[in-house]
Amino acid sequence: MLERRQVYLDNSATTRLDERVLDAMKPYFFDKYAVATSEFAYSQGIEAREVLDSAREALAAALGAAPGELIFTSGSTESSNTALKGAALALGNRKGKHIIVSKIEDFPVLHSARALEKQGFRVTYLDVDSDGFVNLDELRGSITDETILVSIQHANQEIGTIQDIASVGRICGEKGALFHTDATHTFTRVPLDVSRIPVDLITVSAHTIHGPKGIGGLYVRQGTRIAKWVDGGFQEFDLRAGLENIPGAVGFAKAVELVTPEETSRLQSMRDRIIDRILAEIPDTTLNGHRWKRLPQNANISFHFIEGESITLHLDMHGFAVSTGSACFSRSLEGSHVIFGIGGDHERAHGSIRFTFGRYNTMEDIDAVVQTLAEVVQELRSISPLGR
Amino acid sequence: MRSPYSETVLEHFRHPRNVGKIENADGKAIEGSPACGDMVSVYISVEPKTNTISAIKFESYGCASNIATGSIITELAKGKTLDEAKKITWQEASEALGGLPKIKAHCSVLAIEGLRSAIENYEERHGLVKERNPTTVEVVRKRLKKVMNPMAGLDLVRTNLVRGIEVEDGTVQVVVDLPPDHQFASAIKEEITEKIEPLWDVKEVAVVFME
């Protein structure tokens, strides 16, 4: 309304597709639309198989894994469901019915755990500290002989805190529990090499790195027992049925190829600038999540005495897209479970704004949003009954 | 920009009317809902001869619909008698705003309650209230009519979600026809408790969900 420039700062919700990704995908919609399932019927099927295999190889390599350890899925929701439910199906009657997750996991993990609870599994929801870190001693003490799986995210979707997954993996290894980590927001941005970090299952996704929506992956360490729960054909090493999404797989591999360490450090400098400027220039603000051990592309700040949906709406009117942990913003009318998890109260969740950066953002965007924010925050505070 | 809100809502959100406090207000109230987190304060000046609202101001800690509803009710109430102003409903406010999303009923009803409470506050301070009555099932039901069913945009009683009310020795039990893990269960529970607990003779509120 006031300005027509659009600045998208919600890159953890999803990202704009890179044109180069689309170019790589295009042939597989038109000329080469066969699926790998048809490899024994005709030559186009063989080509589809080869293309799928090389995409798989590229993705696996990005995790330091072997190609046979990576299955394609429809996205991170399905990957995390497969990790939790697949492990539960495979081991529930064999080893035990206990699962451990952190309280601040994203919904695919959290709600899969809740669904399993209804099927008779026992779930331990680990607390986190004020920065969002899981307590490793508490984790160690929670694992029993019955524990089949521990699911602790690599980094948090809202506050960006990066967990010490190397230690989590070691503890799980010592105690004989499988370890799954949701790396939806860290994949290619924060190093994760399965030859160094003992992790059995990893959720990854394309849409957070300027790849297409509708394609994700699950790393399954060689020898890890998980059961198939999407039944049908024998695709994906007989772990996940369904026709192969060849254009998606090709796009995913291309998206991975296009992420560079230089770009990631550029996003990190945007993060540092927005955090430093807001905390210094706008009074009564609190950073959510750890200051340094956080996603390079994430800043999350609570603006006290005002409500997040009002902030996002004002920002939207100025062309800035961000998200909030406010209850008013969610369809369940519940404030962010992550902000509550780190000990924040309703007010802190209510006024929390998440900024997430991507390839198409610039430093000018950061300075522009900070300036607009300062005005919006002041305006909303002038009508708030709190804080004066 | 596209928005789930009407043009009028956005207009009031961007330029809220009658914002602020009235020093030495004749009646004032703060209404807040920990379930949604929003909060509204309402201040009124009353012309005693005619019992009309001569001035009204509000402040809001809330989302767009909360701010817009606060703004519109100050316009609707100004110049009305206390009895007329008390009868302003959420539906009237919503209509005056060109409609509110149902899911936002929850946050916007606060402003209506704030206005009523500010009037009640004036009446209490000026000896206009009758004596305190004991809490009965009917009293509880009346209060539950102020708790919104966010799925319908109407209150719990009208949408048949209240399946039982018992009042015994200061304990009020409300049975709600929703499973305990329903997405709105905890928000509704908090709101019910918030509405019933302040009753002078209520010691405990139990909200029971049905499996």
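Model, not experiment: these values are computed from the prediction.

Draft legend 1. Region of the structure containing the overall build of chain A. Scanning chain A for helices and strands turns up 13 helices and 13 strands. Relative to its length of 388 residues, chain A is compact, with a C-alpha radius of gyration of 22 Å against a globular reference of 21 Å. When its C-alpha atoms are laid out on the principal axes, chain A stretches across 70 × 50 × 35 Å. Counting every position in chain A, which comprises 388 residues, the buried fraction comes to 61%. The long-range fraction of contacts in chain A, counting pairs at least 24 apart against all pairs at least 6 apart in sequence, stands at 71%. Here chain A has roughly 15,200 Å² of accessible surface; of this, 52% comes from carbon and sulfur atoms. Charge-centre separation for chain A: the mean point of 40 positive side chains lies 2 Å from the mean point of 51 negative side chains.

Draft legend 2. Up close: the sheet that holds strand β2 (residues 39-47) of chain B. Residue and element names in this part refer to chain B. An order of β1-β2-β3 is seen for the 3 strands of this open sheet, with the pairing classed as antiparallel. Looking along the sheet, the strands with just one partner apiece sit at the ends: β1 (27-32) and β3 (52-61). On average, adjacent strands in this sheet sit at an angle of 15° to one another, irrespective of strand direction. Alignment of β1 against β2, held across 6 bridges, turns out to be antiparallel. Within the sheet, the bridge partner assigned to E31 lies in β2 and is V40. Of the strands in this sheet, β1, β2 and β3 are in contact with helix α5 (residues 105-125), which crosses β1 at around 145°.

Draft legend 3. How the structure looks around the pattern of salt bridges. Residues and elements named next belong to chain A. Throughout the structure, instances matching the rule amount to 31 salt bridges over all chains. The salt bridge partner of R354 is D10, with a shortest N-O separation of 3.0 Å. With a gap of 344 residues between them, R354 in strand β13 (residues 352-356) and D10 in the loop between β1 (7-8) and α1 (19-25) connect regions that are remote in the sequence. Residue class for R354 comes out buried when judged on its relative accessible area of 11%. For D10, a relative accessible area of 12% gives the class buried.

Draft legend 4. The arrangement of unusual backbone geometry in detail. Residues and elements named next belong to chain A. Phi at E236 takes a positive value of approximately 50°, unusual for a residue other than glycine. Looking at the secondary structure, you find E236 in helix α7 (residues 235-238). Although it is not a glycine, D284 sits at a positive phi angle of roughly 55°. The residue D284 is located in the loop between α9 (261-281) and β9 (285-287) in this model.

Draft legend 5. A look at the interface of chain A and chain B. Contacts between the two partners involve 30 residues from chain A, matched on the other side by 32 residues from chain B. Of the roughly 2,600 Å² buried between chain A and chain B on both sides combined, carbon and sulfur atoms contribute 61%. Applying the counting criterion to the chain A and chain B interface returns 2 salt bridges. The partner of K118(A) in a salt bridge is D181(B), and the shortest N-O contact between them spans 2.7 Å. Our enumeration of links across chain A and chain B arrives at 8 residue pairs in polar contact (both at pLDDT 80 or more). Elements that contribute at least two residues to the side of chain A that touches chain B include exactly α10 (308-317), α12 (346-350) and α13 (363-382) of chain A. Per-element tally for the side of chain A that touches chain B: the top contributor is α10(A), with 6 residues.

Draft legend 6. Representation of the environment of E174(A). In this structure, E174(A) sits in helix α6 (residues 165-175). Sequence-wise, E174(A) and R140(A) are 34 residues apart; in three dimensions their C-alpha atoms are separated by 9.4 Å.

Draft legend 7. Fine view of helix α7 (residues 185-196) of chain B. All names here are of chain B. Taking 1.5 Å per residue as the helical rise, α7 with its 12 residues ought to reach 16 Å, and the 17 Å between its terminal C-alpha atoms agrees with that figure. Restricting attention to buried positions, one finds in α7 the residues A185, A187, I188, E191, I192, T193, K195 and I196. If you follow the buried residues of α7, they end up packed against α5, α6 (137-144), β4 (148-149), β7 (171-176) and β8 (204-209).

Draft legend 8. Focus on the sheet that holds strand β6 (residues 162-168) of chain B. Residue and element names in this part refer to chain B. Taken in spatial order, the 3 strands make up an open sheet running β6-β7-β8, and their pairing is mixed. Because the sheet does not close on itself, it has two edges, and the strands there are β6 and β8. Adjacent strand axes in the sheet meet at a mean angle of 15°, parallel and antiparallel pairs treated alike. Summarising the sheet, β7 and β8 pair through 6 bridges and their orientation is parallel. When the bridges of β8 are listed, V175 appears paired with V208. Where α6 meets the sheet, its contacts fall on β6 and β7, and the angle it forms with β6 comes to roughly 135°.

Draft legend 9. Region of the structure containing the pairing of β2(B). All names here are of chain B. Most of β2 is tucked away: 8 of the 9 residues are buried. As defined by bridge partners, β2 adjoins β3 across 9 bridges and the pair is classed as antiparallel. When the sheet's bridge partners are listed, I44 is paired in β3 with I56. In textbook terms, the turn of a hairpin is the stretch between consecutive antiparallel strands, and for β2 and β3 this stretch comprises 4 residues, one of which, N51, has a positive phi near 55°.

Draft legend 10. Structural context of the packing of helix α2 (residues 64-77) of chain B against α5(B). Residue and element names in this part refer to chain B. Running from N to C, α2 and α5 point in directions that differ by 30°, and their axes come no closer than 7 Å. You can see that α2 and α5 cross each other, and the crossing is right-handed. Residue-level contacts link S65, N66, T69, G70, I73 and A77 of α2 to C107, S108, L110, A111, I112 and L115 of α5. Classifying every residue of the contact of α2 with α5 by side-chain character gives 7 nonpolar, 5 polar and no charged.

Rules used in this analysis
Residues numbered from 1 in each chain as written. Chains lettered and ligands numbered in written order. Predicted model: local features only at pLDDT ≥ 70, side-chain atom pairs only at ≥ 80, totals over all residues. Heavy atoms only, no water. Helix = DSSP H or I, 4+ residues; strand = E, 2+ residues; numbered from the N terminus. Rg over C-alpha atoms; globule rule 2.2 N^0.38 Å. Buried < 20%, exposed > 50% of the residue type's maximum accessible area, 1.4 Å probe, protein only. Contact = heavy atoms within 4.5 Å. Areas by Shrake-Rupley, 256 points an atom, 1.4 Å probe, with all protein chains shown as cover. Lys, Arg positive; Asp, Glu negative; His and termini not counted. Charge placed at Lys NZ, Arg CZ, Asp CG, Glu CD. Pairing = 2+ DSSP bridges. Axes fitted to C-alpha atoms, helices over the stretch in contact; angles between N-to-C directions. Salt bridge = Lys/Arg side-chain N within 4 Å of Asp/Glu carboxyl O. Buried area = accessible area lost by both parts, 1.4 Å probe. Polar contact = N/O pair within 3.5 Å; in protein donor to acceptor, adjacent residues only side chain to side chain. Expected span 1.5 Å × (residues − 1). Left-handed = near helix turned anticlockwise from the far one by under 90°. Nonpolar A, V, L, I, M, F, W, Y, C, P; charged D, E, K, R; others polar.

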